[in-house]
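Descriptive analysis of the structure
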Amino acid sequence: LRGQLPDVFGEIEISYYLLRRLLGVKTSDGGKQAKVQKLARAEILMVNIGSTATGGKVQAVKGDLAKIALTQPVCTKEGEKIALSRRVDKHWRLIGWGQIRKGTKIEILPQQL
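Before going into details, it helps to say that this report is about the structure given with it. (Residues numbered from 1 in each chain as written. Predicted model: local features only at pLDDT ≥ 70, side-chain atom pairs only at ≥ 80, totals over all residues. Heavy atoms only, no water.)

**A look at the nonpolar core**
Judged by nonpolar contacts, the single largest core of 24 residues is most densely connected at Ile12, Ile14, Val47, Leu84 and Ile95. Looking at this core, the elements that each hand over two or more residues are strand S1 (8-18), strand S2 (21-26), strand S4 (44-49), strand S6 (65-75), strand S7 (81-88) and strand S8 (91-105). With 5 residues, S1 is the largest single contributor of residues to this core. Not counting chain neighbours up to four residues away, the residues in contact with Ile12 comprise Val47, Ile49, Ala66, Lys67, Ile68, Leu70, Ile100, Lys102 and Gly103. (Core = buried A, V, L, I, M, F, W, Y, C linked by side-chain atoms within 4.5 Å. Buried < 20%, exposed > 50% of the residue type's maximum accessible area, 1.4 Å probe, protein only. Helix = DSSP H or I, 4+ residues; strand = E, 2+ residues; numbered from the N terminus. Contact = heavy atoms within 4.5 Å.)

In structure tokens, the structure reads:
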């Protein structure tokens, strides 16, 4: 299967869109749903790419682009859709989605038998 699988990424650059309000979370005064805050540098997010869920640390944010260092390498391809979740009150809540623009590839060395 060598050469037939997508690349393995350790860091990804994404274009993203954040939801206006958090799903399933009410504000403390019982009013409208809480607003989604902008991504912050060094923030930890859960990144879902296909069926893979991994942690990610936001390295940089500029407009609707962000650079995320993944806690575990992920086998995926550029252009893949992703989901972003943030920890709110001990629960992971969906805050937005995006698309992989490019990333830092990790070379997989052939295994010696």
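**Focus on the environment of Leu19**
Summarising the element assignment, Leu19 is placed in the loop between S1 and S2. Overall, the relative accessible area of 18% leaves Leu19 in the buried class. Separated by 71 residues in sequence, Leu19 and Lys90 have C-alpha atoms that sit 19 Å apart. With residues near it in sequence (within four places) discarded, Leu19 still touches Val36, Leu94, Ile95, Gly96 and Trp97.

**A look at the pairing of S7**
One ladder, built from 4 bridges, connects S4 with S7; its direction is antiparallel. Counterpart to Val47 in the pairing with S7 is Leu84. Note: S7 against S8, 8 bridges, orientation antiparallel. Opposite Lys81, over in S8, you have Gln99 as the bridge partner. (Pairing = 2+ DSSP bridges.)

**Some details on the sheet that holds S6**
Neighbouring strands of a sheet are bound in pairs by backbone hydrogen bonds; such pairs are parallel or else antiparallel. Here 6 strands make up a closed barrel; going around it, the order is S1-S6-S5-S4-S7-S8 and the pairing antiparallel. Here the strands of the sheet are splayed against their neighbours by 45° on average, with no regard to which way each runs. Bridge count between strand S5 (residues 52-62) and S6: 6 bridges; the pairing is antiparallel. Looking across to S6, one finds that Val58 is bridged to Ile68. (Axes fitted to C-alpha atoms, helices over the stretch in contact; angles between N-to-C directions.)

**Some points on the environment of Gly96**
Summarising the element assignment, Gly96 is placed in strand S8. With 13 residues separating them in the primary sequence, Gly96 and Ala83 have C-alpha atoms 6.1 Å apart.

**Some points on unusual backbone geometry**
In this structure, Ala42 is a non-glycine residue whose phi angle is positive, near 70°. Within the element layout of this structure, Ala42 appears in the loop between strand S3 (33-35) and S4. For Lys90, which is not a glycine, the phi torsion comes out positive at approximately 65°. Among the secondary structure elements, Lys90 is positioned in the loop between S7 and S8.

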